[in-house]
Structure formats: C-alpha cells, structure tokens
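Given next are the chains, with one letter for each unit.
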Amino acid sequence: MNLYIDFGGTHFKYCFDNDEVIVLPSNQIDFIEFIENQINLKKELQNIAISFAGQVRDGVILNAPNIAIKELHIKSYIEKKYGINVIVENDLNAATIYEYSLYNNINSMVVLYIGTGFGCGIIIENKLLHGKDNFAGEIGHIPFRKTSFQCGCGRDDCLELSVSGKALGGLKLNEVDEKTKQTFLDGLVHSFFTILNLFNCDVYIFGGSVMQNNIWLLDFLQEEYKKSSFYNLRSELKIAISDSQYGNIEGLKLIIKE
Ligand SMILES: [Zn+2]
C-alpha cells in the first residue's frame, strides 16, 4: 500500500493507493505527526510519496514560502525510523509529470500553476528539468514589481506577490480592485512570454485554483499569444487550462510506478 500526499499552501490532500482523496486545511497539519499516525494505522505501507509546495532536494524540505516548515529531513527521518520508502518532489514537478502523461507525441511542455502561489514545471525534449538544486522552474520568485508584501523567500518583488491566489486575497480576478487585477494580468503575460521565448514548447498547460476559477484567462492568453514575437513564424501552439483536481497526486503515482 502507498500513501500519496499533496501538501499545498491552502489544502493538504492525501489518499492511499487509488482510494478517494481526502482534503484538509494545510494550516491544521502537523506534518510529522500526521505521517507517523498513518504509519501506525496502516501497517502494510510500502511507499510514501509527497508533493510539496516549496523547495525540496534529496528528500529534504528546504523551504516553503507558503507553509510553516523549514529544513525538514522528512525522507531520512521516516526511512530510518520505519524502513518505509519516501519520495519527496516539488509540487509542480509532480503535476508536470502527470500533465505530460496525458499527451502523445509531444516533445516539450511547460505547466504553470497559479494557486496559493505561482510555480512552473518544464519538460524539454522529454526530460523534466530539475537543475542543480532541483529549483528549476521557480518562476514565482523572479523579481517583477515591488510590493508592500514580503515573500516567503525573503524578497518583496517576486512575481508570486502579484500573480497568485495570495495576491488576490482569495477573490476572483473580476472581484479585486483594478490595480490588483491589472498587475496580475501584466505579471501573467510577462511570465507567459518569458517562458514562451525561453523554452519554445509544444504545449502550455495552465492550472491551479486561480486559473480554474477564472477560465476566461485562457481566451485572454490566446489573444496575447497572437501578439508574441515570431507569432507568424511559430508552428501551432497548444494552450490549455488543466481541469485536474489531483494532478500532483496523479504525478506521484507515476513516479512510484517507475
Ligand atoms: Zn519569492
């Protein structure tokens, strides 16, 4: 039996094998206590796969801009104490593995999720980009416009402070003030063009609660795309909004299968 966990900035989702996913508020979770309780309840656990909304490397949660956890050696702690295999992956990397599995005959894909935060996963020539520290794709922490907020990473001008559910205070894009909305759209377009020109992918998937709650953004991005440099020279680009609710968990299942 496997335990799959998706620890996001707002929601903590988990399930066993292909059972129904259970959703809890992230701010009520004591992570180690939760995992140890599950291990004690389910004696036949073999693997624990974790998708985490933050920076992870070699099974260590290094930092989490939207979750109160730092420097957590979760993999080595659980493996040493219980002998259960633990995999920890960045949430966008897990989501990207899943989204990629839905397409045939493509070479490259970028997945951008705007939920509580703003992240991205990149597959180029059929290979997920990790980078030296597994930090590749941290689009949300690229400097953009100075804000009156402080990002969990320490800066005050991250894209994520303008383009995220956090930036919208949990409201829909048409419910926030004009300046907040315009800044969000400017940041989204800036990110889209940056990614488009850097990676030249077959498919761009936008996901996360903010995209799913503002479906009109798909038309907006398709219009913006027509203004992109080299538009007339580019071959067809697919832009889609993911309707997946549990893409991170599905990605974990694919990682375990390997
Ligand atoms: Zn940041």
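As shown above, the structure is provided for reference.
It should be emphasised that the depicted structure is a prediction, and the values quoted were computed from it without experimental measurement. (Residues numbered from 1 in each chain as written. Predicted model: local features only at pLDDT ≥ 70, side-chain atom pairs only at ≥ 80, totals over all residues. Heavy atoms only, no water.)

## Considerations on the overall build of the chain
What counts, and what does not: Counting from the N terminus, the helices are DSSP H or I runs at least four residues long and the strands are E runs at least two residues long. C-alpha atoms define the radius of gyration, and 2.2 Å times the number of residues to the power 0.38 defines the globule rule. The buried label applies to any residue whose accessible area, calculated with a 1.4 Å probe on protein chains only, is under 20% of its type's maximum; exposed applies above 50%, and partly exposed to all values in between.
Across its full length, the chain carries seven helices and twelve strands. Against the 2.2 N^0.38 benchmark of 18 Å for 258 residues, the chain shows a C-alpha radius of gyration of 18 Å, consistent with a compact globule. Projected onto the principal axes, the alpha-carbon positions of the chain cover approximately 55 × 45 × 35 Å. Relative to its full complement of 258 residues, the chain shows a buried share of 54%.

## Let's talk about the coordination of the zinc ion
Under ideal tetrahedral coordination, the four donors around a metal are separated by 109.5 degrees; under ideal octahedral coordination, the six donors are separated by 90 or 180 degrees. Let me state the cut-off plainly: Because water is not among the atoms used, a metal site may look incomplete, as its donors are only the N, O and S atoms within 2.8 Å, or 3.2 Å for Na, K and Ca. A four-donor site is classed as tetrahedral when every donor-metal-donor angle falls between 85 and 135 degrees; four donors are called square planar, and six octahedral, when trans pairs exceed 155 degrees and all remaining angles lie between 65 and 115, with any other arrangement labelled irregular.
The protein atoms that coordinate the zinc ion are His141 (ND1), Cys151 (SG), Cys153 (SG) and Cys158 (SG), at distances of 2.0 to 2.3 Å. Taken together, the four donor atoms coordinating the zinc ion span angles of 98 to 119° at the metal, a pattern that classifies the geometry as tetrahedral. Sequence spacing among the residues donating to the zinc ion works out to H-x9-C-x1-C-x4-C. Summarising the burial analysis for this pair, Cys151 and Cys158 share the class buried.

## Side note on the sheet that holds strand β1 (residues 2-7)
Cut-off, in case you're wondering: The pairing criterion for strands is at least two bridges between them, as found by DSSP. Think of each axis as a best-fit line through the C-alpha atoms, taken over the contacting stretch in the case of a helix, with angles from 0 to 180 degrees between the N-to-C directions. Residue contacts are counted whenever heavy atoms from the two residues lie within 4.5 Å of one another.
If you trace the five strands from one edge of the open sheet to the other, you get β3-β2-β1-β4-β7, paired in mixed fashion. Looking along the sheet, the strands with just one partner apiece sit at the ends: β3 (22-25) and β7 (85-90). Strand after strand, the sheet turns through a mean of 15° between neighbouring axes, direction not considered. Sitting on the sheet, helix α3 (residues 91-101) touches β4 (47-52) and β7, and the angle it makes with β7 is about 90°.

Keep in mind that these numbers describe shape and distance, not what the molecule does.
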